[in-house]
Amino acid sequence: TRKESSAASDVYKRQTNKLGTYSLITSRAFSSTENTLKLSTKNLETGGRYILLKGREEKIIEEIQSLDTNKYKCEIIKIENTKHERHLVEIKINE
């Protein structure tokens, strides 16, 4: 029923991220850069980094402009691909 659905949704929202911490977090076509960081920052070990597979450079620049440059260091790395424009984005937390 609708009431049971709502209760299940509330339980889902209260669950905590119990995945542990990692030195490297990767993603491909997951979400915006900002949202990826928001959802997984607690899982990144001190000194760790993100490697995100992304598409067009202008879209990446648009996404990373919203990040706090005092907190994050970003590097865009072009991947040679004849069919599609692809880039890796390496993100480290400034410590």
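Heads up: the structure comes first, above all this text.
Residues numbered from 1 in each chain as written. Predicted model: local features only at pLDDT ≥ 70, side-chain atom pairs only at ≥ 80, totals over all residues. Heavy atoms only, no water.

Draft legend 1. Up close: the layout of surface pockets. As a volume, the second largest pocket reaches approximately 190 Å³. Secondary-structure elements contributing two or more residues to the lining of the second largest pocket are strand S1 (22–28) and helix H2 (33–40). In terms of residue count, the dominant contributor to the lining of the second largest pocket is S1 (four residues). Classifying every residue of the lining of the second largest pocket gives five nonpolar, six polar and no charged. (1 Å grid on protein atoms, 1.4 Å probe; cavity = no way out; pocket = protein on both sides within 12 Å on 5 of 7 lines; lining within 4 Å. Points joined across faces, edges and corners; volume = space filled by probe spheres on them. Helix = DSSP H or I, 4+ residues; strand = E, 2+ residues; numbered from the N terminus. Nonpolar A, V, L, I, M, F, W, Y, C, P; charged D, E, K, R; others polar.)

Draft legend 2. Representation of H2 within the structure. Within H2 the residues assigned to the buried category are Thr33, Thr36, Leu37 and Ser40. When H2 is viewed along its axis, its buried side chains cluster within an angular range of 95° and face the same direction. Against the buried residues of H2 lie S1, strand S2 (44–54), helix H3 (57–64), strand S3 (72–79) and strand S4 (86–93). (Buried < 20%, exposed > 50% of the residue type's maximum accessible area, 1.4 Å probe, protein only. Arc of directions from axis to C-beta. Contact = heavy atoms within 4.5 Å.)

Draft legend 3. Local environment of the side chain of Thr36. The topology assignment puts Thr36 in helix H2. Dropping the residues within four chain positions of it, Thr36 is found in contact with Ser27, Phe30, Ser31 and Leu52.

Draft legend 4. View of the sheet that holds S1. Read across the open sheet, the four strands follow the order S1-S2-S4-S3; overall the sheet is mixed. The open sheet has two free edges, formed respectively by S1 and S3, since each of these has just one partner strand. With strand direction ignored, the average angle separating the axes of adjacent strands in the sheet is 15°. Relative to S4, S3 runs antiparallel, the two being bridged by eight bridges. Bridge assignment links Ile76 to a residue of S4, and that residue is Val89. Running at roughly 150° to S2, H2 makes contact with S1, S2, S3 and S4 of the sheet. Packed on one face of the sheet, H3 meets S2, S3 and S4 and runs near 175° to S3. (Pairing = 2+ DSSP bridges. Axes fitted to C-alpha atoms, helices over the stretch in contact; angles between N-to-C directions.)

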